[in-house]
Amino acid sequence: MRKRTIFITGATAGFGLATAHLFAKNNWKVIATGRRLQRLEKLQNDYPEGIIHIAKMDLTKHADIKNTIANLPDDFKIVDCLFNNGGLALGLNPIPNIREEDWRIMVETNILGLIYTTQQMIPLLKNAGKGASIINVGSVAARFAYPGGNVYGATKAFVSQFSYNLRTDLAGSNIRVTELAPGMAKSEFMQVRTYGDKQANEDFYKGVEPILPQDIANIVWWLANQPAHININLIELMPLCQVPGKPEIIRK
Ligand code: 8X3
């Protein structure tokens, strides 16, 4: 039987990296993409040859996405799962004290990167036959408002509607589509959002027990292994310490 293959964006850290390890350990092949090549190489070196294909790919660069997918080696051209994980939040300031550049990067990464990757990957997912899936990382911020969430939350609302619309376009095909919408998670997310402010990052996670990358990897695994006739439309999760409303985070 052929080994199944997962294509992951943002595989250098957090959800993407944990998912790459989980799938590789469970006999899948992994196409790991991201901006930081050294981290991808480290991941690749953890496994025997032929298990992990890596590609430096920046989601804000349409040409990068096209080239990565067009140049996949022959034995990575059948893809069973596309994990559209790459995305980011930049800044937490309420409007109007924002950096316009942050908004542009979030829109380019979370929206344009997602749609171009998906478009290019559909033929490879069709190659897989029954049970292929696309899993798009959304966020609770798509549905719950908080100050400073402005454009970030709106890009994730895009992910949500895009996922549903994609399902209708792909109806009758072999491809399932899921929106996976986590809340507060322990990853580089908050460090990126605060421009690398390690203190802000530590403070943010003080006295809380957030979602861990491994938790998300386990859900991706479960989704990708559902029977072929089942489409899970949406999974939304929060850590127990996060509650929609005020205060949003309950600290011990
Ligand atoms: C990230 C979730 O709750 O930090 O998408 O906005 S939250």
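As the structure is a computational prediction, the values presented were derived from the model and not from experiment.

Visitor: Would you explain the environment of Leu43 in this entry?
Guide: Mapped onto the fold, Leu43 is located in helix H2 (residues 37-45). In sequence terms Leu43 and Thr9 are 34 residues apart; their C-alpha atoms lie 14 Å from each other. Apart from the residues lying within four places of it in its own chain, the contact partners of Leu43 are Ala11, Leu17, Ala20, His21, Ala32 and Ile52.

Visitor: Please explain the site of the ligand as it appears in this structure.
Guide: As a structural note, the neighbourhood of the ligand is formed by Ser139, Val140, Ala141, Tyr146, Tyr152, Pro182, Gly183, Met184, Phe189 and Gln242. Tyr152 is positioned with one of its side-chain polar atoms (N or O) 2.5 Å from an oxygen atom of the ligand. For the ligand, an oxygen atom lies 3.0 Å from a polar atom in the side chain of Gln242. The protein chains hide 92% of the 240 Å² of surface that the ligand would expose on its own. Broken down by class, the residue content of the shell around the ligand amounts to seven nonpolar, three polar and no charged.

Visitor: Honestly, the packing of helix H4 (residues 100-126) against helix H5 (residues 150-169) in this entry has me stumped. Any pointers?
Guide: What describes two packed helices is the angle between their axes and the distance between those same axes. Packing of H4 against H5 brings their axes to within 9 Å, and their N-to-C directions diverge by 15°. Taken together, the axes of H4 and H5 are roughly parallel relative to one another. For the pair H4 and H5, the sense of crossing is right-handed. Of the residues in H5, those touching H4 at Trp103, Met106, Val107, Asn110, Ile111, Leu114, Ile115 and Thr118 are Asn150, Val151, Tyr152, Thr155, Lys156, Phe158, Val159, Phe162 and Leu166. Looking at side-chain class alone, the contact of H4 with H5 contains 12 nonpolar, four polar and one charged residues.

Visitor: Is there a simple way to think about H5 in this case?
Guide: An α-helical turn contains 3.6 residues, so a residue and the one three or four places further along point in the same direction. Here H5 spans 29 Å end to end across 20 residues, near enough to the 28 Å set by a 1.5 Å rise per residue. Residues of H5 that are buried: Val151, Tyr152, Gly153, Thr155, Lys156, Val159, Ser160, Phe162, Ser163 and Leu166. On its buried face, H5 is in contact with H4, strand E5 (132-137), strand E6 (175-182) and helix H6 (189-193).

Visitor: Even after reading the chapter, I still don't get the side chain of Gln242, so can you show me in this structure?
Guide: The topology assignment puts Gln242 in the segment after strand E7 (234-237). A residue is classified by how much of its surface remains accessible, and Gln242, at 8% relative accessible area, is buried. Filtering out sequence-adjacent residues up to four positions away, Gln242 remains in contact with Val140, Gly183, Met184, Glu248 and Ile249.

Visitor: Can you walk me through the packing of helix H3 (residues 62-70) against H4 in this structure?
Guide: Between H3 and H4, the least distance of the axes is 10 Å, while the angle of their chain directions is 20°. The pairing of H3 with H4 is recorded here as roughly parallel in orientation. H4 is crossed by H3, and the crossing has right-handed handedness. Between H3 and H4, the residues in contact are His62, Ile65, Lys66 and Ile69 and Gly113, Tyr116, Thr117, Gln120, Met121 and Leu124, respectively. A per-class count over the contact of H3 with H4 returns five nonpolar, four polar and one charged.

Visitor: Teacher, can you tell me more about the sheet that holds E6 here?
Guide: Ordered by their spatial adjacency, seven strands build an open sheet running E3-E2-E1-E4-E5-E6-E7, and the pairing between neighbours is parallel. Since the sheet does not close on itself, it has two edges, and those belong to strand E3 (52-56) and E7, each with one partner. Neighbour to neighbour, the strand axes of the sheet diverge by 15° on average, direction disregarded. Strand direction decides the pairing type here: strand E1 (residues 5-8) and strand E4 (residues 81-84), joined by three bridges, are parallel. When the bridges of E4 are listed, Phe7 appears paired with Leu82. Along the sheet, H3 contacts E1, strand E2 (29-34) and E3; its crossing angle with E3, the most-contacted strand, is approximately 155°. Against the sheet, helix H8 (residues 213-224) engages E1, E4, E5, E6 and E7, with an angle of about 160° to E6.

Visitor: Whenever I open this one, empty space enclosed by the protein confuses me. Can you help?
Guide: If a probe as big as a water molecule is rolled over the atoms, it shows which places are left empty. Evaluation of the coordinates by the stated rule reveals two cavities of 30 Å³ or more. Within the residue set of the lining of the largest cavity, elements represented by two or more residues are H4, E5 and H5. Residue composition of the lining of the largest cavity, by class: four nonpolar, eight polar and one charged. By volume, the second largest cavity is sized at about 40 Å³. Contributing to the lining of the second largest cavity are Ser133, Arg176, Thr178, Leu223, Gln226, Ile230, Asn231 and Ile232. Of the residues contributing to the lining of the second largest cavity, the split by class is three nonpolar, four polar and one charged.

Parameters and conventions
- Residues numbered from 1 in each chain as written.
- Predicted model: local features only at pLDDT ≥ 70, side-chain atom pairs only at ≥ 80, totals over all residues.
- Heavy atoms only, no water.
- Helix = DSSP H or I, 4+ residues; strand = E, 2+ residues; numbered from the N terminus.
- Contact = heavy atoms within 4.5 Å.
- Near = heavy atom within 4 Å.
- Polar contact = N/O pair within 3.5 Å; in protein donor to acceptor, adjacent residues only side chain to side chain.
- Areas by Shrake-Rupley, 256 points an atom, 1.4 Å probe, with all protein chains shown as cover.
- Nonpolar A, V, L, I, M, F, W, Y, C, P; charged D, E, K, R; others polar.
- Axes fitted to C-alpha atoms, helices over the stretch in contact; angles between N-to-C directions.
- Parallel < 35°, antiparallel > 145°, perpendicular 65-115°, else oblique.
- Left-handed = near helix turned anticlockwise from the far one by under 90°.
- Expected span 1.5 Å × (residues − 1).
- Buried < 20%, exposed > 50% of the residue type's maximum accessible area, 1.4 Å probe, protein only.
- Pairing = 2+ DSSP bridges.
- 1 Å grid on protein atoms, 1.4 Å probe; cavity = no way out; pocket = protein on both sides within 12 Å on 5 of 7 lines; lining within 4 Å.
- Points joined across faces, edges and corners; volume = space filled by probe spheres on them.

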